[in-house]
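# Observations on the three-dimensional arrangement
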Amino acid sequence: MGDTSADGMRKLGSWLVEIVVIVASILLAFGIEAWWDERQNREEEQQILAGLEREFTDYQDRLVFALKKHGEMSHAMKAIYQATDQGIWSATDITLDAALMRTLWPPTTELGGGVRDALVQAGGLELISDRTLREKLALWPGVYAEVLDDEVFSREMVFDKLLPHLTSQGYDLGAALEGLRYEGTVPSPINESEAETRRLLTDRKFRSLLQARYGFWLHAGEEYDTALVAVREILALIEKNRQV
């Protein structure tokens, strides 16, 4: 009777060992699978971060260029605006035609439609482990929208208001719009004619339109600055999360 009891205990112990081994094997398999999935996710994250780094570095370069052009255009508009106070052109570092060209040529800054947008559309933003970076990437369209709104308004101001008025008054814009001139033509600079220059600079409607153009363009500079700060914050977080 004692032997039978001992045999039963040995069998029970053997079963328990088998159960433990089976459970441990299952847990180990799940652990390996989870580790492998996590490794694949991290590798995919690194690929995503590399793409985002290229994209936002390009955005940074474009915004730096846009701010440089913004400064040149702001300087041109200010020079014209100051000249409308005097009725004569007195600036020595820029001609009236060059200032008009920069006033009538609103830039377009394309920022979007790349890796970040594809990632969001595919529902892959959660692959980025850094919560702060995810949030900044999610908020980026709103930042860019402010830049875009100001540029759209700028274009509308030029093409719907300023240019129609200037052309309706018969001002010679050939030199100011030299990039659009027909091959073989030689445009006449408006500042070569003292009378024509004075007529433009004493044009009250032109001055009023210029006030609006200049004022809103200064505001556009703030949006460019805000966007550049946002891009640099995103790039800093990407660099922090990149594996060397």
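Everything below is about the structure printed above this text.
Everything numeric in this text was worked out from a predicted model, so none of it was measured.

## Let's talk about the overall build of the protein
Broken down by element type, the protein carries six helices and zero strands. Each helix and strand of the protein, placed in order from N terminus to C terminus, yields the pattern α-α-α-α-α-α. Looking at the 244 residues of the protein, the share that counts as buried comes to 36%. Taking the contacts inside the protein whose residues are at least 6 apart along the sequence as the reference set, 82% of them involve residues at least 24 apart. With the model as given, the accessible surface of the protein reaches about 14600 Å², and the carbon-plus-sulfur share is 57%.

## Focus: the environment of Ala-66
Position of Ala-66 among the secondary structure elements: in helix α1 (residues 2-86). Each C-alpha atom, one on Ala-66 and one on Gly-221, is 9.0 Å from the other, the two residues being 155 residues apart in sequence. Excluding its chain neighbours within four sequence positions, the residues that come into contact with Ala-66 are Thr-109 and Tyr-224.

## Thoughts on the layout of surface pockets
In this structure, the largest pocket spans a volume of roughly 200 Å³. Along the walls of the largest pocket sit Phe-65, Lys-69, Glu-72, Met-73, Met-101, Arg-102, Trp-105 and Pro-107, which together make up its complete lining. The set of elements that each furnish at least two residues to the lining of the largest pocket consists of α1 and α2 (96-103). Per-element tally for the lining of the largest pocket: the top contributor is α1, with four residues. Residue classes in the lining of the largest pocket are distributed as five nonpolar, no polar and three charged.

## Considerations on the side chain of Glu-151
As for its position among the elements, Glu-151 is in helix α4 (residues 131-168). We note that Glu-151 is buried and unpaired, the nearest opposite charge coming from Arg-155 at a distance of 4.3 Å.

## Structural notes on the environment of Ala-230
With respect to the helices and strands, Ala-230 occurs in helix α6 (residues 204-241). Sequence separation between Ala-230 and Tyr-144 is 86 residues; the distance between their C-alpha atoms is 9.6 Å. Sequence-distant contacts of Ala-230, defined by excluding residues within four places in its chain, comprise Trp-140 and Val-143.

## Quick notes on α4
Residues that lie three or four places apart on an α-helix share one face, since the helix turns once every 3.6 residues. Look at α4: 55 Å from first C-alpha to last across 38 residues, which is about the 56 Å you get at 1.5 Å a residue. A bend of about 40° at Leu-139 is the largest found in α4, and the proline Pro-141 appears one to four places after it. Note on α4: the residue one or two positions beyond its end, Gly-170, has a positive phi of about 75°.

## Observations concerning the nonpolar core
Judged by nonpolar contacts, the single largest core of 31 residues is most densely connected at Phe-56, Ile-128, Leu-133, Leu-137 and Trp-140. When contributions to this core are tallied by element, the ones reaching two or more residues are α1, α4 and α6. Broken down by element, this core gets its largest block of residues, 12 residues, from α6. With 25 residues, the next largest nonpolar core counts Met-157, Val-158, Tyr-171 and Ala-176 among its residues.

What counts, and at which threshold
Residues numbered from 1 in each chain as written. Predicted model: local features only at pLDDT ≥ 70, side-chain atom pairs only at ≥ 80, totals over all residues. Heavy atoms only, no water. Helix = DSSP H or I, 4+ residues; strand = E, 2+ residues; numbered from the N terminus. Buried < 20%, exposed > 50% of the residue type's maximum accessible area, 1.4 Å probe, protein only. Contact = heavy atoms within 4.5 Å. Areas by Shrake-Rupley, 256 points an atom, 1.4 Å probe, with all protein chains shown as cover. 1 Å grid on protein atoms, 1.4 Å probe; cavity = no way out; pocket = protein on both sides within 12 Å on 5 of 7 lines; lining within 4 Å. Points joined across faces, edges and corners; volume = space filled by probe spheres on them. Nonpolar A, V, L, I, M, F, W, Y, C, P; charged D, E, K, R; others polar. Lys, Arg positive; Asp, Glu negative; His and termini not counted. Salt bridge = Lys/Arg side-chain N within 4 Å of Asp/Glu carboxyl O. Expected span 1.5 Å × (residues − 1). Bend = angle between axes of the 7 residues up to and from the residue. Core = buried A, V, L, I, M, F, W, Y, C linked by side-chain atoms within 4.5 Å.

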